[in-house]
Structures are given as structure tokens and as C-alpha cells.
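Coordinate analysis (summary)
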Amino acid sequence: MRVFCMMLTILLFFPAMSATASINTSWKKERALYQAALKTPASKRIKKIKTTLPRLGHYPLRPYLEYQLISRQLTTRSGNQVRNFQKKYADLPLIRNLQADWLSLLYRKGLWRSYLKEFDRLPLRGATQECRQQTVRLKTGDRALRKKALIAAETLWTVGKSQPKACDPLFASWKKAGKLTSAKALKRFWLSVEKRNYSLARYLERHISVRSHKAHVKRFWEIKKSPARLFRQVRKTDDLHTLAFGLKKLLSKQPERTVNYWLKVRKIRKLSTVQHASIDTMLAQRLVTNSSDKKFSLIAKLDRSHSIPEVTEAHLRLLLQQQDWPMVVALVKKLPTETRQSDIWKYWEAVALKNTSKNASQQRKAHQLLLDLAKKRQYYGYLAATLTSQPYKLQADHPGHNNAIRKKIETTPAILRAIELNRLGQSSQSGAEWRTAMTTLSEKEQQYAALLADRLGWHFTAIVSAARVGAWDLVKARFPRPYAQTFKKLARKRQIDENWALAIARQESAFNPRARSRVGARGLMQLMPQTARETARNHKVPYRSKNQLFNPSTNISLGTAYLSDMLKKFNGNRALASAAYNAGPHRVSRWMKQRGSLPLDIWIESIPFKETRQYVKNVLTYRVIYQMDAGQRGQFMEKNEIARLSIKPVSAKQLLVLAPQDSDNKKGMAVTQ
């Protein structure tokens, strides 16, 4: 035992990885030794690790074997040995695992003071660990610590979800101390309702004892079962949670009656500005996608003074559908300055002015708004550039060539470990190492890390890393071309633009071939298994199992085929086809029946699903970026799509008329400044 302790001490103080280690270093021999040690039977693994470690040198994954050594013998280790290991490898993700095991050991031994001291030194996040910490505070018998524990217990208890079993002892002590009241139970009840955790809400009823609180709960269940009961009587006593729930349910089928009911309630209830605005906003935003002919007048009733920006924006979206351009111009002026200066409302103010005013100065103002937008690499920027015959902006940038930063990134231990783990096929641990590394780097260094990930072919990691620091101009890293030949070949076969297919994949999965959505879509182009089966059958693509969707070639083959189907179904309109790819063709067909006569830019702005609306904007934008990055001429929209916009692109003759006036023309200067 003494010999083992000595060996462990030597290993813990073995020099950390040398800065001369490089991503180009070959670790073939060390890698084989490392893997052999891990494959050794459990009964002999400790001995094998001890003989292997001195032969690993500066191999990046050396810390993982050292971790195995200390974690497997934790019961015989001292606090100093654990702390020394954690200090030596402070950036190792497994440090948290070791701390959790160490704290569990101290807990089992009843070493409460040691536990708290160790927890404070390296706190662990998560409800389980936090509850365990507070439970230990109670076990010390210290009054001050007990008070802190009970306060923390209330915070941990008051959430809209069930907490882990590790919290049960803490909550039991909290309840025994008389801290659980009916008001607190009601508060958690509403939090559970907001999360749609109705089983927890039902459980909490047993702790709700005050008559008025019980009445609120009973009323909620009544309205949940039958929302129309809300209309029977205008009550002052209905809880706002119940009221909002019922109004939300009733609005889709009875919009006029619902809004009028709310206006009556609002008149007799004393509500705060925030309470008032939250329900007004909810109703207004839902009215935008309602099919009622009266939604225009109803939304106007909700905020006649235009004091709630979100309601005004919802009102503007309806006015766009009506193409009521004078009202759009008037209402945009009611928005707060910051909101009005956002790209969306700059664009629509320009369009409204173009469609409303014949005044030359107003036309120039509209043109200048579009010219300002056209300088940007984004949806409204490319729309504006299309309408003003301006070149599309790529705005690609590079953080520079700083060899010192590059060398630091390429020799950062966590990044080297991430690379080596990836080589061994341990993608989950590799990702954890990379994320840990990002927390230790400056913004500039993280940009270089994103470029390194791109060079390594880790395209998803590069995209996420660049987004993490807002490095939007790292176009090469953010818009890669993985599987380029496959995309090119299959796009040509399906007779679609390969840049459009790339844009879809970039939006769907950020080129993560193992991506899987909450609803079951899989792979690069995020295909649902049923859609994949039907597409495979229609296009005679070999397909047997949904797991094949994680194969890039199969996924791209089926994804491009389905994209081609959508393009044909919607007569070559890529905006509609993109929307169908995301939300389903049946929905897009329904939306076309409802609003198909609208100009295309208004139709996109009126897509009922926020996710699909942004999806279409992103895909159209990404396609241009891919075109230009490949040295091609950017084309935001095809001629048939441009013809359906709210305003026509300016001609060369109109450009001369709308051009800024000469500098000695004071009137012209005033217009364009």
C-alpha cells in the first residue's frame, strides 16, 4: 500500500503536457499502449496502468489513465492527492466526475465539514449536487448553516418540474420546519402549469389548503377541461394564469368573442402594466395567424395608443398582409427608435414609402433605406440589394495571421485531447474537451480555434465555435462545403442548385451527420424516417433502415430527391419549397390557399410558424453566401420570384433619378444625410 501511494504521488506531479506537443505529432506507439491499458481486465488494470504511464511521455490522453488510477482507488486516497490531481488537470472535464465521486465518499463517511469545504472549493452544478450540499449543511447541526440550507431548499423546491430523489431529504426537513405554505404550493402549481407538467400540478394540490387558493386551482381545472366556461361570467377573481390559458385556447375558434371578453376583464381588473401587456401581446401575436376577417380591427382594439411595441409589430404584420402601405408608414413611426431601426422595419418602411409616396424626397428616403440595408450580409440586405441592383455583400473576414495565437491553440492540452479522442472515435468526450477548452480562451483565440476545427473537418464544431463568440464574418468556417462532390453529383442528378441543397443542410444540421431532432429527423438534411421511405421508393434509392440516414451519402441522396420533389410541387419557387421542406407540403399548400396571392416577401413574412419563417430567410441567404464564396455570381431570387416582390427592382434610369444629389445641393444633402 505504501509503495502504491508513493507511485501515485510521483504520477500526480509528473510534468504536464509539453507546449511542444502538436496536432501534427504522431502518437501511434503511445496510442496503442493507451488502448491496451484500457482493454486490460479490471482485476489487472491498475497494475497495467502503473507500468504504462511512464512510457506515454506527453501523449495527450495520459491524464485519462491517471484519472483511472485515482478514481479506481479513491477510498485509499487522501484529500491532498485528490486536490493535487484536480489542480494539475484543472481543464479536464473528468475533474467534475472525480469531484462528484469524492464528495459521495465523504458523504458516506459522514465527514460533513470536510464535504462542505471540498464543495466550496469546487462546486458542482445541478439539482442533485445542490440538494446534497444543503442536506449536509443540515446534518452539521450548525444554526447558521441550517438557515442557509432552508432558504436554498425553498429555491430548489419552487420550480415547475420534479426534482431528483437526492432532494427528498432536504425537502422533508424543509417541510418539517414548517416552511411549506399554501401560497408557496400555489406558486409552484402555476409554474408546473406553465411547463404543462399537469401531473406535478395535481400532486401539489394536497399542499394547497387556503380556501381562496383552492378555488383558484379548481377554477383552472374547470377552464382546462372546458375553456368556454370562461365566457359565462366576467370575473374579477380569475387568476391571470387561468385567464391567459383560457383565452389562448378560445382565440383560435372565437377570436372576436375572446378579445371582447378580455377587454371587459381588463377594464374591471386592476392589473400592472406588465400583466396587461403580456396578455395583450399573446393575443395580438396569435391574431396574426388567425383566419378571421375581423382580426385587423380586433388587434387595433388591444392597444389603441401603440404603447406596447410587440402589439404594434403584430399589427404591422397584419397591415402587410392587407398591403395598407399608408398605415404601415404611420405605424412604423410609432415603434420605439431601437425597434424601428431594426432591419425588418427598415425594409418594410422603405417598401411602404415606395408604394405610397410620389414625393421625390420620400422616394429618395426609401431608396436610401434600401441602400443602407444592401450593405449587409443577411436576408433583408440581400432583398434590398436585389431591389436596388446592388452587389451582394459577403463581408468575409479573417482574424489575421497571429502565429503566437495559432501555436497556442494548436498546443492547448484540452484541444489536443479533443483531437486524439476524436481519432479514437470517442466523439462525446472529444466534444466535452473542446467545450472546456473554449471556456479558457479569449474571443480572438476562440476564432482561431473555430478555424482549426474547420481545418480538421469538424464543421459542426467550427460553426458552433464561431457563433459562440459572434464571429459572423468567419465565412469559410461558418459555411463549409463537406461532402462537396456528393452534393454536386446528386444536386445535378435531381436538377436542383447544389448551393441551395448545401444551404438546406447548413440550416438543418450545421453539417452534423449524426444530428437527430426531438421529433426524430436524422442526419445532415434532417429527414424523417417516413419521408425517407416514401422518397426512396419514389426515386428508387436503396433504403432499408432509418439508421441509414446517418450515412451522409444516403442522407444527401434522399434529401436532394425530396427537395427536388418540393421544388416541382411548388412550381420552381424555392421559398415555398424551402418552407415545405421544413413545415411539410400540406401546410404550405394550406398557407397558399389562404395567402397565396400576396407578394412573395409578404408571404414569407406572414408564415404562421416563426421557426419556418426564419428557416426560409436563412436558406435563401445561405444560398447566396455559398454562391459567392465559390466565386459565382450571387443570385438571391430567380426572375419568377423577383416578379412577385412587393416592389419592382429599380431600373438604370431610376437609379440616376434616385441617386444622392451633388454635394453643393443643400436640399439633396439634407435628404440623403
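On a predicted model such as this, the values are computed, not experimentally measured, just so you know.

For the pair helix H18 (residues 309–322) and helix H19 (residues 325–332), the least separation of the axes is 9 Å and the interaxial angle reads 165°. What the angle tells us is that H18 and H19 run roughly antiparallel. You can see that H18 and H19 cross each other, and the crossing is left-handed. Across from Thr 312, His 315, Leu 316, Leu 319 and Leu 320 in H18, the residues of H19 making contact are Trp 325, Met 327, Val 328, Leu 331 and Val 332. Across the contact of H18 with H19, the residue classes tally to eight nonpolar, two polar and no charged.

Where helix H21 (residues 343–356) contacts helix H22 (residues 360–373), the two axes come as close as 8 Å, and the packing angle between them is 150°. Taken together, the axes of H21 and H22 are roughly antiparallel relative to one another. The way H21 lies across H22 gives a crossing that is left-handed. In this structure, H21 contributes Asp 343, Lys 346, Tyr 347, Glu 349, Ala 350, Leu 353 and Lys 354 to the contact, and H22 contributes Gln 362, Gln 363, Lys 365, Ala 366, His 367, Leu 369, Leu 370 and Leu 373.

Further remarks concern the nonpolar core. Within the largest apolar cluster, 88 residues are counted, with the highest numbers of intra-cluster contacts made by Tyr 347, Trp 348, Ile 604 and Phe 636. Contact partners of Trp 348, with chain neighbours within four places excluded, come to Leu 320, Trp 325, Val 328, Tyr 380, Asp 601, Ile 602, Glu 605 and Ser 646. Core analysis: the next-biggest nonpolar cluster, separate from the first, contains 37 residues, Tyr 59, Ile 95, Leu 103 and Tyr 115 among them.

Attention now goes to a positive patch on the surface. On the surface, a cluster of positive charge is made up of Arg 196, Lys 224, Lys 248, Lys 249 and Arg 286. Within the fold, Lys 248 resides in helix H14 (residues 240–251).

Let's shift gears to the state of the cysteines. According to the stated counting rule, one finds one disulfide in the structure shown. Disulfide pairing is shown between Cys 131 and Cys 167; the S-S distance is 2.0 Å. Note on the Cys 131 and Cys 167 pair: the S-S dihedral is about 85°, so by sign convention the disulfide is right-handed. Placement of the pair is Cys 131 in helix H8 (residues 127–139) and Cys 167 in the loop between helix H9 (143–157) and helix H10 (168–176), with a sequence separation of 36 residues. Each member of the pair, Cys 131 as well as Cys 167, carries the same accessibility label: buried.

Tallied over the entire structure, the rule returns 30 salt bridges. The salt bridge involving Arg 417 is made with Asp 91; its shortest N-O contact spans 3.2 Å. With Arg 417 in helix H25 (residues 413–423) and Asp 91 in the loop between helix H5 (79–88) and helix H6 (94–108), this pair connects stretches of sequence that are 326 residues apart. With a closest N to O distance of 3.0 Å, Arg 574 and Glu 641 form a salt bridge. Note that Arg 574 is positioned in helix H34 (residues 574–583) and Glu 641 in helix H38 (residues 639–642), a separation of 67 residues in sequence. Comparing Arg 574 with Glu 641, the two get one shared label, buried. Overlapping salt bridges, with partners in common, bring together Asp 497, Arg 574, Arg 623, Glu 638 and Glu 641 in one network.

So, how was this worked out
- Residues numbered from 1 in each chain as written.
- Predicted model: local features only at pLDDT ≥ 70, side-chain atom pairs only at ≥ 80, totals over all residues.
- Heavy atoms only, no water.
- Axes fitted to C-alpha atoms, helices over the stretch in contact; angles between N-to-C directions.
- Helix = DSSP H or I, 4+ residues; strand = E, 2+ residues; numbered from the N terminus.
- Parallel < 35°, antiparallel > 145°, perpendicular 65-115°, else oblique.
- Left-handed = near helix turned anticlockwise from the far one by under 90°.
- Contact = heavy atoms within 4.5 Å.
- Nonpolar A, V, L, I, M, F, W, Y, C, P; charged D, E, K, R; others polar.
- Core = buried A, V, L, I, M, F, W, Y, C linked by side-chain atoms within 4.5 Å.
- Buried < 20%, exposed > 50% of the residue type's maximum accessible area, 1.4 Å probe, protein only.
- Patch = residues over 30% accessible without salt bridge, like charges linked within 9 Å, V, L, I, M, F, W, Y side chains within 5 Å.
- Areas by Shrake-Rupley, 256 points an atom, 1.4 Å probe, with all protein chains shown as cover.
- Salt bridge = Lys/Arg side-chain N within 4 Å of Asp/Glu carboxyl O.
- Lys, Arg positive; Asp, Glu negative; His and termini not counted.
- Charge placed at Lys NZ, Arg CZ, Asp CG, Glu CD.
- Disulfide = S-S within 2.5 Å.

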